Protein chains: 2
Amino acid sequence: MSVTAPKGFRAAGVACGLKSSGARDLALVVNDGPSSQAAAVFTSNRAKANPILWSQQVIADGTATAIVLNSGGANCFTGAQGFQTTHVTAEAVADALSVSAGDVVVCSTGLIGEQLNRDALLSGVAAAAASLGAHGDDAARAIMTTDSVPKTVVLEGPGYTIGGMAKGAGMLAPGLATMLVVLTTDADLPAAELDRALRAATRVSFDRLDSDGCMSTNDQVTLMASGASGVIPPVEQFTELLTEACMSLMTQLQADAEGSSHDIVIAVSGAVTDDDAVEVARSVARSNLFKAAMFGNDPNWGRVLAAIGTTNAAFDPYAVDVSFNGVRLCHAGAPDRPRDEVDLSGREIDVSIDLKAGSAAATVYTNDLTHDYVHENSAYAS
Amino acid sequence: MSVTAPKGFRAAGVACGLKSSGARDLALVVNDGPSSQAAAVFTSNRAKANPILWSQQVIADGTATAIVLNSGGANCFTGAQGFQTTHVTAEAVADALSVSAGDVVVCSTGLIGEQLNRDALLSGVAAAAASLGAHGDDAARAIMTTDSVPKTVVLEGPGYTIGGMAKGAGMLAPGLATMLVVLTTDADLPAAELDRALRAATRVSFDRLDSDGCMSTNDQVTLMASGASGVIPPVEQFTELLTEACMSLMTQLQADAEGSSHDIVIAVSGAVTDDDAVEVARSVARSNLFKAAMFGNDPNWGRVLAAIGTTNAAFDPYAVDVSFNGVRLCHAGAPDRPRDEVDLSGREIDVSIDLKAGSAAATVYTNDLTHDYVHENSAYAS
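Predicted model only: the values in this text are computed from it and were never measured.

Visitor: I'd like to hear about the overall build of chain A, residue by residue, with values.
Guide: Across its full length, chain A holds ten helices and 15 strands. What you see for chain A is a C-alpha radius of gyration of 21 Å, in line with the 21 Å of a compact globule of 382 residues. Taking as baseline every contact in chain A between residues at least 6 positions apart, the subset at least 24 positions apart corresponds to 80%.

Visitor: Break down the domain arrangement of chain A for me, with residues and values.
Guide: Residue and element names in this part refer to chain A. Domain assignment breaks chain A into domain 1 (2–255) and domain 2 (263–379). When each unit is reduced to the centre of its C-alpha atoms, the spacing between domain 1 and domain 2 is 32 Å. Every contact between the two is made by eleven residues of domain 1 and, on the other side, eleven residues of domain 2. Grouping the constituent residues of the side of domain 1 that touches domain 2 by class yields four nonpolar, five polar and two charged.

Visitor: Pulling in residues and values, what's your account of unusual backbone geometry?
Guide: All names here are of chain A. The omega torsion across Gly-33 and Pro-34 is 20°, close enough to zero to call that bond cis. For Pro-34, the position within the fold is in the loop between strand E2 (26–31) and strand E3 (37–42). Within the chain, Lys-356 stands out as a residue other than glycine whose phi angle is a positive 55°. Turning to its location among the elements, Lys-356 is positioned in the loop between strand E14 (348–354) and strand E15 (360–367).

Visitor: Break down the interface of chain A and chain B for me, citing the residues and quoting the values.
Guide: Each partner contributes to the interface: chain A provides 43 residues, whereas chain B provides 43 residues. Of all the secondary-structure elements, those providing two or more residues to the side of chain A that touches chain B are helix H8 (288–295), helix H9 (301–308), strand E13 (334–335) and helix H10 (371–379) of chain A. Classifying every residue of the side of chain A that touches chain B gives 22 nonpolar, 18 polar and three charged.

Visitor: Hey, could you go over the nonpolar core for me, with residue numbers and the actual values?
Guide: Counting 249 residues, the largest nonpolar core has A:Leu28, A:Val29, A:Leu305, B:Leu28, B:Val29 and B:Leu305 as its most contacted members. Those residues within four positions of A:Val29 in sequence are excluded, and the remaining contacts are A:Val3, A:Phe9, A:Ala11, A:Ala66, A:Ile67, A:Ala139, A:Val182 and A:Thr184.

Visitor: Quick rundown of the relation of the copies chain A and chain B? Include the residues and the values.
Guide: The operation linking the two copies of the chain is a rotation about an axis combined with a translation along the axis. Mapping chain A onto chain B calls for a screw motion: a turn of 180° about the axis and a shift of 0.0 Å along it, with 0.0 Å RMSD after fitting. Each copy turns onto its partner about a two-fold axis. The position closest to the rotation axis in chain A is occupied by the C-alpha of A:His371, lying 2.7 Å away. Comparing interface residues between copies, 100% of those in chain A also lie at the interface in chain B; the contact surface is shared.

Visitor: Lay out the pairing of strand E5 (residues 104–108) of chain B in plain terms, naming residues and giving numbers.
Guide: Residue and element names in this part refer to chain B. The element E5 is largely enclosed, with a buried count of five among its five residues. Residues of E5 alternate between two faces, with Val-104, Val-106 and Ser-108 on one and Val-105 and Cys-107 on the opposite face, all of them buried. Direction of pairing for strand E4 (residues 66–70) relative to E5: parallel, over a ladder of five bridges. Bridged to Ile-67 within E5 is Val-105.

Visitor: Kindly report on helix H2 (residues 79–97) of chain A, identifying the contributing residues and their values.
Guide: Given 3.6 residues per turn, any residue in an α-helix points the same way as the ones three and four places further on. Residue and element names in this part refer to chain A. Between its first and last C-alpha atoms H2 spans 28 Å; for 19 residues at 1.5 Å apiece the expected length is 27 Å, and the two agree. Every buried residue of H2 is accounted for by Gly-82, Thr-85, Thr-86, Thr-89, Ala-90, Ala-92, Val-93 and Ala-96. The buried residues of H2 occupy one face: seen down the axis, they fall within an arc of 155°. Positioned one or two residues after H2, Ser-98 has a phi angle of 55°, which is positive.

Visitor: Residues and numbers for the environment of B:Phe324, please.
Guide: Residue and element names in this part refer to chain B. Secondary-structure assignment places Phe-324 in strand E11 (residues 321–324). Along the chain, Phe-324 and Thr-65 lie 259 residues apart, while their C-alpha atoms are 47 Å from each other. Non-local contacts of Phe-324, meaning those with residues more than four positions away in its chain, are made with Pro-299, Leu-329, Val-342, Leu-344, Ile-349 and Val-351.

Visitor: Can you lay out the confidence of the model for chain A for me, pointing to particular residues and giving the numbers?
Guide: When pLDDT is averaged along chain A, the result is 89, and 95% of the positions lie at 70 or above. This complex was scored by the predictor with a pTM of 0.78 and an ipTM of 0.73.

Visitor: Describe the sheet that holds strand E8 (residues 180–185) of chain A, and please don't skip the residues or the numbers.
Guide: All names here are of chain A. Strand order in the open sheet formed by five strands is E3-E9-E8-E7-E6, with mixed pairing between adjacent strands. Whereas interior strands pair on both sides, the edge strands pair on one side only; in this sheet they are E3 and strand E6 (151–157). Pairwise comparison of adjacent strand axes, ignoring direction, gives a mean angle of 10° for this sheet. With six bridges joining them, strand E7 (residues 160–167) and E8 adopt antiparallel strand pairing. Bridge assignment links Gly-164 to a residue of E8, and that residue is Leu-183. Against the sheet, helix H1 (residues 50–59) engages E3 and strand E9 (220–225), with an angle of about 145° to E3. The sheet contacts of helix H5 (residues 191–203) involve E3 and E9, and relative to E3 the element is tilted by about 35°.

Visitor: If you had to explain the pairing of strand E10 (residues 263–271) of chain A to someone new, which residues and values would you point to?
Guide: Across a regular strand the side chains alternate sides, sitting on one face of the sheet and then on the other. All names here are of chain A. Here E10 pairs with E14 via seven bridges, running parallel. Following the sheet pairing, Val-265 is matched in E14 by Asp-350. Where E10 lies against E15, seven bridges are found, and the strand directions are antiparallel. Across the sheet, the residue bridging to Ala-271 is Ala-360, located in E15.

Visitor: Give a description of the sheet that holds strand E12 (residues 327–331) of chain B that names residues and reports values.
Guide: Residue and element names in this part refer to chain B. Reading across from one edge, E13-E12-E11-E14-E10-E15 is the order of the six strands in this open sheet, with mixed pairing throughout. The open sheet has two edge strands with one neighbour each: strand E13 (334–335) and strand E15 (360–367). Sheet topology note: the E11/E12 ladder contains three bridges and is antiparallel. When the sheet's bridge partners are listed, Ser-323 is paired in E12 with Arg-328.

Visitor: Now, about the environment of B:His135: what can you tell me, with residues and values included?
Guide: Residue and element names in this part refer to chain B. Mapping His-135 onto the fold places it in the loop between helix H3 (118–130) and helix H4 (136–142). According to the C-beta neighbour criterion, His-135 is buried, with 24 such atoms within 10 Å. Beyond its immediate chain neighbours, meaning those up to four positions away, His-135 contacts Thr-4, Ala-11, Ala-12 and Gly-13.

Visitor: Tell me about helix H6 (residues 235–255) of chain A, residues and numbers included.
Guide: Residues and elements named next belong to chain A. Over its 21 residues, H6 runs 30 Å from end to end, which matches the ideal 30 Å to within 8%, given 1.5 Å per residue. Phe-238, Leu-241, Leu-242, Ala-245, Cys-246, Leu-249, Met-250, Leu-253 and Gln-254 are the residues of H6 that are buried. Lining the buried residues of H6 we find E6, E7, E8, H5, E10 and E15.

Visitor: Hey, could you go over the environment of A:Ala332 for me, with residue numbers and the actual values?
Guide: Residue and element names in this part refer to chain A. Mapped onto the elements of the fold, Ala-332 is located in the loop between strand E12 (327–331) and E13. Residues Ala-332 and Lys-356, 24 residues apart in the sequence, show an inter-C-alpha distance of 9.0 Å. If we ignore the near neighbours within four places in the chain, the residues touching Ala-332 are Tyr-318 and Ala-319.

Visitor: Provide a residue-level description of the packing of helix H8 (residues 288–295) of chain B against helix H9 (residues 301–308) of chain B, including the pertinent values.
Guide: Residues and elements named next belong to chain B. Two elements in contact, H8 and H9, have axes separated by 9 Å at closest approach and are oriented at 160°. Taken together, H8 and H9 sit at an angle that is classed as roughly antiparallel. Where H8 crosses over H9, the two elements pack in a sense that is left-handed. Contacts between H8 and H9 involve Leu-289, Phe-290 and Ala-293 on the former and, on the latter, Arg-303, Val-304 and Ala-307.

Cut-off values and rules
Residues numbered from 1 in each chain as written. Chains lettered and ligands numbered in written order. Predicted model: local features only at pLDDT ≥ 70, side-chain atom pairs only at ≥ 80, totals over all residues. Helix = DSSP H or I, 4+ residues; strand = E, 2+ residues; numbered from the N terminus. Rg over C-alpha atoms; globule rule 2.2 N^0.38 Å. Contact = placed C-beta atoms within 7 Å. Domains from an automatic or database assignment. Nonpolar A, V, L, I, M, F, W, Y, C, P; charged D, E, K, R; others polar. Core = buried A, V, L, I, M, F, W, Y, C linked by C-beta atoms within 7 Å. Buried ≥ 20, exposed ≤ 12 C-beta atoms within 10 Å, placed from the backbone. Least-squares fit on C-alpha atoms with pLDDT ≥ 70 in both. Pairing = 2+ DSSP bridges. Expected span 1.5 Å × (residues − 1). Arc of directions from axis to C-beta. pLDDT = per-residue confidence, 0-100. Axes fitted to C-alpha atoms, helices over the stretch in contact; angles between N-to-C directions. Parallel < 35°, antiparallel > 145°, perpendicular 65-115°, else oblique. Left-handed = near helix turned anticlockwise from the far one by under 90°.

Here it is in structure tokens:
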């Protein structure tokens with residue numbers, strides 16, 4: 001059900017020829033209200049795709065009635081013609097639904113620097129608008145690119161529901177990742193509270209996923225609230241449930257990251273500030289030598305220390321403890337337990353780093369660097 | 001000849017059992033004077049190995065009479081016992097040569113977090129001291145780890161010579177890279193001028209090599225001047241020749257980078273400041289998606305723009321031009337020439353990025369991300 005689980009939403013996922021495979025490539029999600037409050041967060045990459053430039057304007061007033069998403073092309077670095085394509089797509093959705101184009105969010109994903117086939121897109125919009133219904137699962141399939149499985153979530157709060165779908169299998173990095181996420185709810189909350197909840201939820205979920213250190217030009221997470229449940233939840237309770245939904249989608253993205261063979265959780269404690277903890281964890285998540293060692297099931301703690309030594313965080317490298325899957329291999333910057341006590345053969349790897357400098361902590365999620373990652377990204381052209 | 005080409009230097013390279021292969025693993029270079037002026041630059045990694053901590057003290061007074069280097073172990077994160085190993089190594093060299101231990105620089109390279117075999121080291125020092133001569137090539141072989149070839153350089157100035165040797169095949173990144181370099185000269189210059197020349201030369205050579213984004217704990221570049229030629233060159237002329245020597249060694253390191261199939265030159269022009277140009281070039285050099293595309297001979301300029309969009313440099317992403325091997329694929333942030341006009345099948349790849357924002361420029365040197373890189377770094381344990 002994904003995005004159509006909450007009351008007040010219809011969706012469709014159709015094939016319009018943007019993907020050469022003939023698979024579904026256009027998704028439409030419509031909020032039938034009564035409320036149309038919405039919030040969104042966008043890539044922090046300065047090279048923003050045309051749909052990002054458009055959607056930032058749409059969401060500025062805190063309302064959105066529909067979101068249209070295509071795979072098969074990012075519509076990024078496509079010039080004025082590309083922006084026009086985004087614009088006419090929104091207009092076509094608006095015409096089909098009798099709403100304002102200024103309330104239609106647009107997302108695109110795929111190869112950068114290629115024009116989208118505008119005729120195909122518009123035929124897809126017409127087909128999607130004609131088949132709207134409880135088709136959240138079709139929509140979740142239509143936004144897939146190199147994803148091997150659709151990613152969806154449905155969570156129940158007291159009297160209301162949160163649904164969601166996500167795509168993303170590479171270019172997963174901070175400030176969001178080539179990742180499109182649509183979250184829906186029938187809770188009744190104003191845009192300002194949705195925005196606050198969404199920023200709190202993404203800060204500890206999608207923003208902490210750093211699969212390959214590469215930041216996309218097209219990332220967007222959109223939250224739409226229909227108010228159809230009639231329930232006005234306390235914003236803290238809603239934020240908690242929304243965070244749980246985002247964490248679920250984030251771990252689904254991590255588990256499906258291109259070519260990965262390990263899901264790695266890097267937990268930093270003992271930092272002076274949260275920012276320090278995030279910086280330290282991210283430096284490890286971005287070390288190719290660390291990531292290659294994880295692929296080889298080698299608990300190479302020296303590469304962890306070499307990575308964190310490049311940061312500006314406050315700590316003494318010769319005070320640090322490092323554990324792999326609960327076995328402390330490094331104590332106070334020197335060898336502790338033997339490496340062969342650690343088994344890294346499972347998919348999950350936990351790396352714990354205690355900086356011994358303070359009481360702040362943060363967790364970053366990443367993947368290993370594998371032959372399949374190199375293969376998929378050297379051959380990528382879809 | 002490498003480091004023994006300039007007058008006033010003797011060297012040796014011996015096998016003492018630190019490498020399980022039985023290959024040469026200890027090098028000694030001695031400056032017989034009459035001058036003993038020296039300068040060095042060290043890794044900016046805060047996690048510094050024991051030999052770095054020692055050598056920083058040795059070089060502080062601007063003099064050094066010998067440098068001893070071992071492969072087969074980095075002596076990093078080995079605690080007080082490890083520092084003691086560095087100390088007794090310097091003492092052993094000092095005893096054998098009848099010099100002060102405070103003038104003996106020590107370098108180590110290999111796996112982090114393992115104690116060096118002290119007995120093996122000391123036997124190696126004795127053997128090296130007993131075989132000192134014009135053995136610069138043996139010394140260059142003794143410092144190799146995963147290097148496939150020794151790296152050496154000899155350049156002639158007016159009346160004086162610069163010689164050098166380098167090791168390094170991975171963890172090649174800014175602020176130096178797992179790289180040990182020894183430069184020798186028989187020019188007669190004071191330590192302050194050697195230091196100035198060395199910093200100028202490394203800033204545009206080793207500091208601009210960013211093979212895999214990983215910064216080592218053990219990097220060191222040491223320059224020793226014997227003054228044995230009796231020539232006092234103008235410091236600008238000497239700096240120019242030294243820069244040429246460093247560029248030669250740097251490109252030898254790049255060409256031998258672990259598992260690489262391409263040497264990539266990223267030239268950024270049109271920047272407002274030099275720092276901006278370096279930041280932009282480095283962001284591309286560190287993008288795994290870009291590097292994987294290069295492995296696949298795919299001139300994926302979208303990944304270049306996605307990378308530079310993550311920087312804080314001053315420019316408009318929609319003004320930028322990007323060329324591969326001289327073919328402009330992106331003009332003003334939009335597609336220009338067709339991708340198939342570019343041939344990336346050779347080892348050398350030139351990527352030119354014109355930011356159209358100013359007149360500053362910088363070049364960064366990197367490699368592609370390959371199956372062999374993943375293989376070598378997931379299996380590394382020597």
